[in-house]
Amino acid sequence: MTVSDDELLELVARALGAAEPVPDHVLAGARAALTWRTIDQELAELVFDSASELSGVRASDTARQLTFRSPGVEIEVMVVDDDSRRIVGQLIPPDNCTIQLAAGDLVAEESTDHLGRFTFEGVAPGPVRITIVDPSGTHIVSTEWVVL
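Presented here is an overview of the structure given in this document. This structure is a prediction, so every number in the text was calculated from the model and none was measured.

Considering the overall build of the protein chain
Part 1 of the argument: Helices and strands together make up the secondary structure of the protein chain, namely two helices and ten strands.
Part 2 of the argument: Starting at the N terminus and walking to the C terminus, you meet the elements of the protein chain as α-α-β-β-β-β-β-β-β-β-β-β.
Part 3 of the argument: Relative to its full complement of 148 residues, the protein chain shows a buried share of 27%.
Part 4 of the argument: Put simply, of all contacts in the protein chain between residues at least 6 apart along the chain, 42% involve residues at least 24 apart.
Part 5 of the argument: Total accessible area on the protein chain stands at roughly 10100 Å², and carbon and sulfur atoms take up 56% of it.

Listed below in structure tokens is the structure:
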């Protein structure tokens with residue numbers, strides 16, 4: 001009797017599964033490890049920060065501008081330092097998504113309008129990260145952490 005490779009693998013898998021099943025925490029760890037395979041595609045790179053351009057030339061009341069880029073989407077952000085510190089941004093190309101702003105343990109969410117624009121009010125100084133989530137709840141991309 002000849003056994004194919006696939007049949008042999010199936011037989012070995014059943015035998016090992018019956019003798020010593022894989023613990024749930026090991027399966028969960030393996031599944032979580034698979035999420036790291038596309039980490040570079042899911043991270044938007046900071047390609048422009050007005051704070052690092054021509055320092056000392058701009059007026060101090062000018063808004064800071066940042067641009068993040070990843071394959072398929074660009075995130076333009078402006079940080080306005082008035083009485084209520086605001087972050088105003090836009091997705092290019094425009095898309096209806098949920099934008100999450102992570103600042104420490106706090107995560108705020110806003111929806112984009114039909115032009116891909118979003119706003120966060122009262123943002124505390126410190127490290128922040130922006131994440132784009134599509135309407136189905138699937139993570140699209142996150143920015144690098146940046147100190148505002």
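Here's the deal with the pattern of salt bridges
Part 1 of the argument: In this structure the tally under the stated criterion is four salt bridges.
Part 2 of the argument: For Arg-14, the salt bridge identified is with Glu-10, shortest N-O distance 3.5 Å. With Arg-14 and Glu-10 both in helix H1 (residues 5-19) and four residues apart, the pair spans about one turn of that helix.
Part 3 of the argument: Glu-74 is the partner of Arg-69 in a salt bridge, and the nearest nitrogen-oxygen pair spans 2.9 Å.

A few points about unusual backbone geometry
Part 1 of the argument: Note that the residue after Ile-92, namely Pro-93, is joined by a cis bond; omega there is 0 degrees.
Part 2 of the argument: Along the chain, Pro-93 turns up in the loop between strand E4 (86-92) and strand E5 (98-103).

Examining the nonpolar core
Part 1 of the argument: Residues Ile-75, Val-77, Ile-87, Leu-91 and Ile-132 are the most contacted members of the largest nonpolar core, which totals 21 residues.
Part 2 of the argument: For this core, the secondary structure elements donating two or more residues are strand E2 (64-70), strand E3 (73-80), E4, E5, strand E7 (117-121) and strand E8 (127-133).
Part 3 of the argument: Ranked by the residues each element gives to this core, the list is headed by E3, at four residues.
Part 4 of the argument: Apart from the residues within four sequence positions on either side, Ile-87 is in contact with Val-77, Met-78, Val-79, Leu-101, Phe-118, Thr-119, Phe-120, Val-123 and Leu-148.

Structural notes on the environment of Phe-120
Part 1 of the argument: Locating Phe-120 in the fold gives a position in strand E7.
Part 2 of the argument: Given a relative accessible area of 4%, Phe-120 falls into the buried group.
Part 3 of the argument: For Phe-120 and Gln-100, which are 20 residues apart along the polypeptide, the C-alpha to C-alpha distance reads 9.5 Å.

Focus on the pairing of E4
Part 1 of the argument: Along E4, the buried face is formed by Ile-87, Gly-89 and Leu-91; none of Arg-86, Val-88, Gln-90 and Ile-92, which line the opposite face, is buried.
Part 2 of the argument: Here E3 pairs with E4 via seven bridges, running antiparallel. Paired with Glu-74 across the bridge in E4 is Ile-92.
Part 3 of the argument: Relative to E7, E4 is paired through five bridges, and the arrangement is antiparallel.

Calculation criteria
- Residues numbered from 1 in each chain as written.
- Predicted model: local features only at pLDDT ≥ 70, side-chain atom pairs only at ≥ 80, totals over all residues.
- Heavy atoms only, no water.
- Helix = DSSP H or I, 4+ residues; strand = E, 2+ residues; numbered from the N terminus.
- Buried < 20%, exposed > 50% of the residue type's maximum accessible area, 1.4 Å probe, protein only.
- Contact = heavy atoms within 4.5 Å.
- Areas by Shrake-Rupley, 256 points an atom, 1.4 Å probe, with all protein chains shown as cover.
- Salt bridge = Lys/Arg side-chain N within 4 Å of Asp/Glu carboxyl O.
- Core = buried A, V, L, I, M, F, W, Y, C linked by side-chain atoms within 4.5 Å.
- Pairing = 2+ DSSP bridges.

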